[in-house]
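An overview of the molecular structure
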Amino acid sequence: MGRSHSSLISVFRSRTAVSAAGAVAAAMVLGMSSPPSVARTSMHRGMASRPAVQMGPAQVNLNCAWPVETTPTTSNIAAPDPFATYWTTPFLASPGNSITISGSYPTSRFMSLAVYNDSYELFTNTVDGKSVPSDLSDYQITADPGSSNPWRSGRVGRHAAFTVRLLPTVTAAQQQSENAIPMIDQNPPASPAGPPGVGYVIFRTYVPAGGNTSVHLPVITVTSGQGSTTLPPCPTQSTESVHAASAAMLTAAKRLRTAGTARTAGTARTARTAGTAEAPELQYFGPSAASQGGLFPNPVNAYLAMQFTPEPGYVVVTHGKAPTSPTQAGRGAPGDSIGAYPVPWIRPEFQVRYWSIANYLNAPPYPVVENGQGSGEVFGGTADYLTTLRDGYYTVVSSLPADEPSPESLRANAATWIPTSAASPGAPELQLLRNMLSQQRLYPEGFTFLPPPASPSDIIPPATVQQQMGAYYPQTAQCTVQTFEISGWAGCQLLSSFTAGSPERRRLPREQRDRGREGVQVVLAADGAEFPGAGEPRDRDVAEHPGQEPGVVIGLGKHP
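Since the model is a prediction, treat every value here as computed from it, not as a measurement.

This brings us to the side chain of R353. Relative to the helices and strands, R353 is located in the loop between β18 (314-321) and β19 (354-361). Using a relative accessible area of 0% as the deciding quantity, one classes R353 as buried. Here the side chain of R353 touches D138 through a polar contact of 2.7 Å, side chain to side chain. Residue contacts for R353: discarding those within four places in its chain leaves R109, F110, D138, Y139, W151, S325, P326, W345, D384, M436 and L437.

Dropping the structure here:
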């Protein structure tokens, strides 16, 4: 799961593998190509002219830079991270062209520039016997003379400028000394998924201080045999504004959708014919290699997936040890400066740069859960800097908005609530755990370092992932809201394990009034005492109070 790891995880349901990565590319291109009645792109600053893109085997003519901004608000498809933003510009990958990208390092958790070929894939060229990847992350980008890179110095200032060059051929030495990225794939696919000869450069940021509008997009200068042209920024658009796109871009989007559908169907057939095991519900697993589409992947992200079905009156609880990340770096307010600040990454002090947990509808186009509109809009996700920890452990509670646990119980259990979909309350959902830039010397338990299965069509089963991760493995359970409020994570896990057993054990627990403790206890049958999470005396007891039947009692509000 190194550089080849997809930007999204594909999830198996009913023995069908679904690749969401194709939808990522669709989001990127549809943002440029949707007709006026559909497009909802939010662009930064700019000129009065609208972007006109002509794409084909021979030419790409851009009138402005960064025509596509992808966020959950502008393009909520393909399981986007609610705390990341992506800007995309297509270009002609020609031996006679080069592109210079110059700007200032943003105050953010992460930034990168990545180049993709005409099949929307990252690539690695071999020049003089050395590998040259088509991406650079923030800490790898050398600052301009007189400037400093905040991901090397740990300091943010006005003198923080960089210049990155996209060249037809790049050596490893050029990449290191000149911030050069190859723009032409040495081994392009024989039948490209998109317009032949067209490449894409993506500028990514995660958790920018002050939000997306605070990011000053880099300047793009295109050089060809006819000279150099600096592209003006694409026009600023409100969420209600729209812009038309060229027929060529519409064609590109159509090809992209077709390619994504074909890959999804092919992966599904592979899963069925190869006898791939169905991914279980309420257990985190790793994706198969075959289901990880190479469509605009983020090479520094890795993912685990868990699928579940929300039920009225119930919560899904995810609990595990959090890897260390720079959530407290900076000054100010969380997400404004705190947690949105560059930290030195030549020798990182943190296990990961960033992690998040988010809920998505488990059906095309795989949107992140989104409830409400405008200022009341709430996404079903939490980033590390927003997630409550107790003794280094997180507890994330997912439910319908109507079933959100009380603030008192969330505080008592050091839990963070994220919603499931109110618009589709019974629809299956998918939960993704993201880890960015995992550091093996500090975090050998990280799932990024799991070896791939023998067959590319096999998922990495939960047991294997749990063995690798130990306490970092995200355990999940489903129980009633009342059970969580009474007994916290431990009680929810115990009850979930009990009801998930054999049919004769699928009976609801009794809720009995414990007069001695003046609270409600969840009592399970004594013959079902041995369940995961119930082995410690502090987490269970035997009901011996008058009027109670013998059984296992889950302690009130216990939190391991």
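All chains considered together, the criterion is met by 14 aromatic pairs. Arranged with centres 6.2 Å apart and planes meeting at 80°, the rings of F83 and Y385 form a pair that is edge-to-face. Separated by 302 residues along the polypeptide, F83 in the loop between β5 (68-70) and β6 (84-92) and Y385 in the loop between β22 (381-383) and β23 (389-390) bring together distant segments of the chain. Note on accessibility: F83 and Y385 belong to one class, buried.

On to the sheet that holds strand β8 (residues 108-116), then. In space, the five strands of this open sheet follow the order β5-β6-β14-β8-β11, with antiparallel pairing throughout. The open sheet is flanked by β5 and β11 (135-137), the only strands paired with a single partner. Each strand axis lies, on average, 15° off the axis of its neighbour in the sheet, ignoring direction.

Let us look at the pairing of β18. With six of its eight residues buried, β18 lies for the most part within the structure. Strand direction decides the pairing type here: β18 and strand β27 (residues 475-480), joined by six bridges, are antiparallel. Directly across from T318, in β27, lies its bridge partner T476. Both β18 and strand β24 (residues 393-399) contribute to a ladder of six bridges, which runs antiparallel. Among the inter-strand pairings, V316 is bridged to a residue of β24, identified as S398.

Here we come to the pattern of salt bridges. Here the structure, examined in full by the defined rule, presents five salt bridges. Between R353 and D138 there is a salt bridge, and its shortest N-O distance comes to 2.7 Å. Of this pair, R353 sits in the loop between β18 and β19 while D138 sits in the loop between β11 and α2 (150-153), and the two are 215 residues apart along the sequence. Summarising the burial analysis for this pair, R353 and D138 share the class buried.

Cut-offs used in this document
Think of each chain on its own: its residues are numbered from 1, step by step along the sequence as written. Residue-level local features of this predicted model are given only where pLDDT is at least 70; pairs of side-chain atoms are given and counted only at 80 or more, and the full residue set underlies all totals for whole chains, interfaces and linings. Excluding hydrogens and water, the side-chain figures rest on all heavy atoms present in the structure. Secondary structure elements are defined from DSSP: runs of H or I of at least 4 residues count as helices, runs of E of at least 2 residues count as strands, and each element is numbered from the N terminus. Think of it in three bands: residues with accessible area under 20% of the maximum for their type are buried, residues over 50% are exposed, and the middle band is partly exposed, with areas taken using a 1.4 Å probe on protein chains only. Here a polar contact is taken to be a pair of N or O atoms separated by no more than 3.5 Å, where protein atoms must pair a possible hydrogen donor with a possible acceptor and residues adjacent in sequence count only if both atoms sit in side chains. We call two residues contacting when some pair of their heavy atoms lies within 4.5 Å. Stacked, edge-to-face and tilted labels apply to pairs of Phe, Tyr and Trp rings (six-membered ring for Trp) whose centres lie within 6.5 Å, assigned for plane angles under 30 degrees, over 60, and everything in between, in that order. At least two bridges found by DSSP between two strands is the condition for calling them paired. Note on method: axes are straight lines fitted to C-alpha atoms, helices fitted across the in-contact stretch only, with angles between N-to-C directions ranging 0 to 180 degrees. Definition used for salt bridges: Asp or Glu carboxyl oxygen within 4 Å of a side-chain nitrogen of Lys or Arg.

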